[in-house]
Amino acid sequence: MNDTVTLADNLTLTRIGFGAMQLAGPNAFGPPRDRAAAVRVLREAVDLGVTHVDTSDYYGPFVTNEIIREALHPYPSNLRIVTKVGFRRGPGGSWDPAPDDLRAQVESNLEHLGLDALDAVNLRVEGPGALAGSFAELAGLRTEGLIRHLGLSNVTAEQVAEARAIAPVVFVQNMYNLVLRTDDALVDSLAADGIGYVPFFPLGGFSPLQSTVLDEVAASVGATPQQTALAWLLRRSPTMLPIPGTSSVTHLRENVAAADLSLPPSAVARLDALAG
């Protein structure tokens, strides 16, 4: 069962969410090959009980938000749409930092999603520098009622502390998975404070996870390698919130079913040893 967790800022989400990035074209740029299929995936996610959809206006750009609106608006009362700001896409698909027009980015997400307020907004940060000015601007938009919850993406523990001194942080979204565990200490410290950790590319992203050990463990528990990697993440922390993305209804169902997969201690030990 895809259980829910309530985070420190009183935001309740299903443990396994859905990342919408793959609903756009290759490298999250341009339109999808099959827009109707993207709509079906989103509707199936909601039918399966997923209440956490992760997106951004810079996927496409604008494509995933427009598809989400087409598929799901008016939105179910328990659905929480989480978006990101801080980047823009260049004409050729480049990912360009854009920390200086956050209000315009928030308003653009609102427009394309058809919302009056965003459930949560992650500030996507480029590099280890200061983020106080940008996060304070988002905190101001939260005070205005345009944003309900604030998060961070691609940040260090020091940047998390800097942001928390300004306003509550409900979750952190960094790259983390079975084999990439740079954030181990951050995962634990956030869980201790009831703050969510949202691992993007939980299955490896553009370079899918490949491991003989993972394949063997998956076979031993009667699951796919992807389900096994997601089950390991859920076990790793009580506030871990994976957002696997897919454009396939079949893969979506498999991903959500990972919430029911129980890993025996021997399997966990083998997977733990894959770090690094």
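Bear in mind the structure is a predicted one, so any value in this text is a computation, not a measurement. (Residues numbered from 1 in each chain as written. Predicted model: local features only at pLDDT ≥ 70, side-chain atom pairs only at ≥ 80, totals over all residues. Heavy atoms only, no water.)

J.: Help me understand the sheet that holds strand S11 (residues 196-200) in this model?
T.: Backbone hydrogen bonds hold the strands of a sheet together, and the pairing may be parallel or antiparallel. Spatially, the seven strands line up as an open sheet ordered S3-S4-S5-S8-S9-S10-S11, and their pairing is parallel. Two strands bound the open sheet, and with one partner strand each, they are strand S3 (18-19) and S11. Pairing between strand S5 (residues 80-85) and strand S8 (residues 118-124): four bridges, direction parallel. The partner of Thr83 across the bridge, within S8, is Val121. (Pairing = 2+ DSSP bridges. Helix = DSSP H or I, 4+ residues; strand = E, 2+ residues; numbered from the N terminus.)

J.: Looking at this structure, I do not really get the packing of helix H7 (residues 212-221) against helix H10 (residues 265-272). What am I missing?
T.: Helices that pack against each other are described as a pair by the angle of their axes relative to one another and the distance between those axes. Contact geometry for H7 and H10: axes closest at 10 Å, N-to-C directions at 170°. In terms of their interaxial angle, H7 and H10 are classed as roughly antiparallel. Relative to H10, H7 is oriented so that their crossing is left-handed. Here Val213, Leu214, Glu216 and Val217 of H7 come into contact with H10, specifically with Ala267, Arg270 and Leu271. Of the residues assigned to the contact of H7 with H10, the class counts are five nonpolar, no polar and two charged. (Axes fitted to C-alpha atoms, helices over the stretch in contact; angles between N-to-C directions. Parallel < 35°, antiparallel > 145°, perpendicular 65-115°, else oblique. Left-handed = near helix turned anticlockwise from the far one by under 90°. Contact = heavy atoms within 4.5 Å. Nonpolar A, V, L, I, M, F, W, Y, C, P; charged D, E, K, R; others polar.)

J.: Would you mind going over helix H5 (residues 157-164) with me for this structure?
T.: For an α-helix, 3.6 residues make a turn, and residues three or four places apart therefore share a direction. Residues of H5 that are buried: Gln159, Val160 and Ala163. Taken down its axis, H5 places every buried residue within 105° of arc, on the same side. Those residues of H5 hidden inside the fold are in contact with helix H4 (132-144), strand S9 (147-153), strand S10 (171-175) and helix H6 (184-192). (Buried < 20%, exposed > 50% of the residue type's maximum accessible area, 1.4 Å probe, protein only. Arc of directions from axis to C-beta.)

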